[in-house]
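# Architecture and fold: a report
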Amino acid sequence: MTVPVNGLVPANGPVTGRGSCAAPRRRTRGSEGLLTQKRAAGPEADPYFPAHGDTRYRVHRYELALDYRPASNRLRGTARLSAVAGGAALREFALDLAGFRLQRVVVDGRAAHYTHRAGRLRVRPAKAVEAGAAFTVEVHYTGNPQPLGSQWGGLGWEELTDGALVASQPIGAPSWYPCNDRPADKASYQISVTAPSVYTVVVSGRLLSRTTGASSTTWVYEQAAPTSTYLVSVSIGRYEPVQLLGGGSVFAPRRPVPQTGYVPAGLRREFAVDFGRQTRMMDFFEDVFGPYPFDEYTVVVADEELDVPVEAQGLATFGSNHLGGQRRSERLVAHELAHQWFGNSLSIGDWRHIWLNEGFAKYAEWLWSEHSGGPSAATHAATAHAHLARLRQDLTLGDPGRRLMFDDRLYQRGGLAVHALRQALGEGAFFRMLRGWTAVHRHGVVTTARLAAHAAQYTSRPLAPVLDAWVHQPALPPLAEPDA
Ligand SMILES: [Zn+2]
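So, how was this worked out
Residues numbered from 1 in each chain as written. Predicted model: local features only at pLDDT ≥ 70, side-chain atom pairs only at ≥ 80, totals over all residues. Heavy atoms only, no water. Helix = DSSP H or I, 4+ residues; strand = E, 2+ residues; numbered from the N terminus. Buried < 20%, exposed > 50% of the residue type's maximum accessible area, 1.4 Å probe, protein only. Contact = heavy atoms within 4.5 Å. Areas by Shrake-Rupley, 256 points an atom, 1.4 Å probe, with all protein chains shown as cover. Pairing = 2+ DSSP bridges. Expected span 1.5 Å × (residues − 1). Phe/Tyr/Trp six-rings, centres within 6.5 Å; stacked < 30°, edge-to-face > 60°. Lys NZ or Arg CZ within 6 Å of the ring centre and 35° of its normal. 1 Å grid on protein atoms, 1.4 Å probe; cavity = no way out; pocket = protein on both sides within 12 Å on 5 of 7 lines; lining within 4 Å. Points joined across faces, edges and corners; volume = space filled by probe spheres on them. Nonpolar A, V, L, I, M, F, W, Y, C, P; charged D, E, K, R; others polar. Salt bridge = Lys/Arg side-chain N within 4 Å of Asp/Glu carboxyl O. Axes fitted to C-alpha atoms, helices over the stretch in contact; angles between N-to-C directions.

### Re the overall build of the protein
The secondary structure content of the protein amounts to nine helices and 22 strands. Put simply, the protein has 484 residues, and 61% of those count as buried. Taking the intrachain contacts of the protein between residues at least 6 apart in sequence as the baseline, contacts between residues at least 24 apart amount to 73%. Approximately 18,400 Å² of the protein is accessible, and the part contributed by carbon and sulfur atoms is 52%.

Here it is in structure tokens:
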């Protein structure tokens, strides 16, 4: 499958093909084989991915201990999940996990019966879990992880020429660990990865320890903030850490967010230019979106070309092709950083609401452009509008369907919908609304209806017609004139 490449287009760029930060496929590969979507997990199953996730319980913590050998692409894992049953007793429940060999499944310390087919691990505990009761599941597994096929190419764990990376959006997480794979079931994570000592292992979260043995090193990371399954990321490669220094100013002193790049040694100089303004960007986004929601921000630049960068929790992964020493991909630097607020801290209730991630990240590109001396957001909006006006108008932003959820029109129209809110609310109220949105739902779950209810608090005028036209109708509304 050929994936359109739009990673290097300028800010006003061609607006066709797939938008940035669906899973970043390597340019050379072309896997296929659609995931099965037959069995629904329950009445609240994700409408786009009914075969993923189980709404009968929630996971609040994952503890993963992984051993990975890049030379043979061999993964040995133990996953311990701490979960809580919902309103009914659980005689059985399901986890999502790709085709690994299972050694053992244990529920509350007792071996459980299970079946494992078509990416679903169905577990029957020796004793049913009572309604509302906490329980633990332990899964021991081994195998050769590989990306799960999808319409967007392979998703999840991907072996690289020399290492591996994980890019799971939207449903690639089961390619490497057993999980309740739905974006609203957010949990904390502790992840330990053992790999040959020549490699650096970078995982979403804070490094707790690094212990070197005879030939292997074990890296332990903790992500305390609630995290969606698809936003957990691992990168294994020959990377060097680069600290990005800056943040705050004499006029607005603040604690700078620690920002680190993990970069192939030969790309350090280009990285310093291409990400040279990221600390300023962080300051600006904290001003307009509110405090950065995590403890640190990490950028991995893989030693491979990727179609598009991709966000993870407190982290983003770029390809070597996104560097060039001329800041030509700076809009993508802004886009991925903005996802830390929109998508990662505020996660969508299900995939119908993907525009709440991508529309706000697109608008962040335009805001950064405006702030950093480039074209204004209004200019970007006019360009995007003119372009969309020439394209088919069969995409409903608030429920685009699985096929179109990463269509570039969704990104552009999402940015335009945010711009329409700015015009409807006016400057002061719009930015108060944005900061309120990220504060009220920090580390939570959001939907389009929640945004509508939230934004309505910032104006006495009816907002419903604006949101209805932009979000719920496929026809492209006219671009409103700014308020006089
Ligand atoms: Zn994005």
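### Comments concerning the sheet that holds strand β4 (residues 101-107)
Within the open sheet, the eight strands sit side by side as β5-β4-β8-β2-β1-β11-β14-β13. Their pairing is mixed. Since the sheet does not close on itself, it has two edges, and those belong to β5 (110-111) and β13 (206-212), each with one partner. Sheet topology places strand β1 (residues 57-69) next to strand β11 (residues 187-196); seven bridges connect them, and they run parallel. Bridged to L64 within β11 is I191.

### Things to note about helix α2 (residues 278-289)
Taking 1.5 Å of rise per residue, the twelve residues of α2 would be expected to cover 16 Å, and the 15 Å separating its terminal C-alpha atoms lies within 8% of that figure. Looking at the packing, one finds that the buried side of α2 touches β16 (240-244), β17 (259-263), β18 (297-301), α3 (330-338), α4 (355-371) and α7 (427-440). Looking one or two residues beyond α2, the residue adopting positive phi is G290, at roughly 105°.

### What about the pairing of strand β10 (residues 163-167)?
Counting buried positions along β10 yields five of five residues, so the element is predominantly enclosed. Residues G163, L165 and A167 of β10 are buried on one face, and the alternating residues A164 and V166, pointing to the opposite face, are buried as well. As judged from the five bridges shared by strand β9 (residues 156-160) and β10, these two strands associate in the antiparallel manner. Within β10, the position partnered with L160 by the bridge is G163. Hairpin remark: β9 followed by β10, antiparallel, with two residues in the connecting loop. Bridge analysis of β10 against strand β15 (residues 234-237) gives two bridges, and the strand direction is antiparallel.

### Some words on the packing of aromatic side chains
According to the stated counting rule, one finds 30 aromatic pairs in the structure shown. A ring pair is formed by F275 and F318, whose centres lie 5.0 Å apart and whose planes are at 90°; its orientation type is edge-to-face. Of this pair, F275 sits in the loop between α1 (268-274) and α2 while F318 is found in strand β20 (residues 315-318), placing the two residues 43 residues apart along the sequence. Residue classification places F275 among the buried residues on the basis of a relative accessible area of 1%. Cluster of aromatic residues (ring-pair linked, three or more members): F284, F285, F289, Y292, F294, Y297, W341, F342, W355, F360 and W368. Directly above the ring of Y199 sits R238, whose terminal nitrogen or CZ lies 5.1 Å from the centroid.

### Quick notes on empty space enclosed by the protein
Tallied over the full model, the rule gives four cavities of 30 Å³ or more. Space inside the second largest cavity adds up to approximately 70 Å³. Around the second largest cavity, the lining residues are L388, R392, Q393, L395, R409, R413, P474 and L476. Partitioning the lining of the second largest cavity into residue classes produces four nonpolar, one polar and three charged.

### With respect to the pattern of salt bridges
Throughout the structure, instances matching the rule amount to 21 salt bridges. A salt bridge links E63 to R80; its shortest N-O distance comes to 3.9 Å. With a gap of 17 residues between them, E63 in strand β1 and R80 in strand β2 (residues 74-85) connect regions that are remote in the sequence. What makes E63 partly exposed here is its relative accessible area of 29%. You can call R80 partly exposed: its relative accessible area is 34%. We note a salt bridge from D394 to R392, for which the minimum N-O separation is 3.0 Å. Classification of R392 as exposed rests on a relative accessible area of 62%. When salt bridges that share partners are traced, they join R61, E63, R80, E138 and E222 into one network.

### Some details on the sheet that holds strand β3 (residues 93-96)
The strand order across the open sheet formed by three strands is β3-β7-β6, and the pairing between neighbours is antiparallel. Each of the sheet's edge strands pairs with one partner strand only, and the pair in question is β3 and β6 (113-117). For this sheet, the mean angle separating the axes of adjacent strands, direction not counted, is 20°. Bridge count between β3 and strand β7 (residues 120-124): four bridges; the pairing is antiparallel. By the bridge assignment, A94 is partnered in β7 with R122.

### Considering unusual backbone geometry
Residues Q169 and P170 are joined by a peptide bond in cis, for which omega reads 0°. Along the chain, P170 turns up in the loop between β10 and β11. Non-glycine residue R327 carries a positive phi angle of around 55°. Taking the relative accessible area as the measure of exposure, R327 reaches 34% and is therefore partly exposed. Its identity as a non-glycine residue notwithstanding, H443 has a phi of 60°, on the positive side. Position of H443 among the secondary structure elements: in the loop between α7 and β22 (445-446).

Keep in mind these values describe shape, not function.
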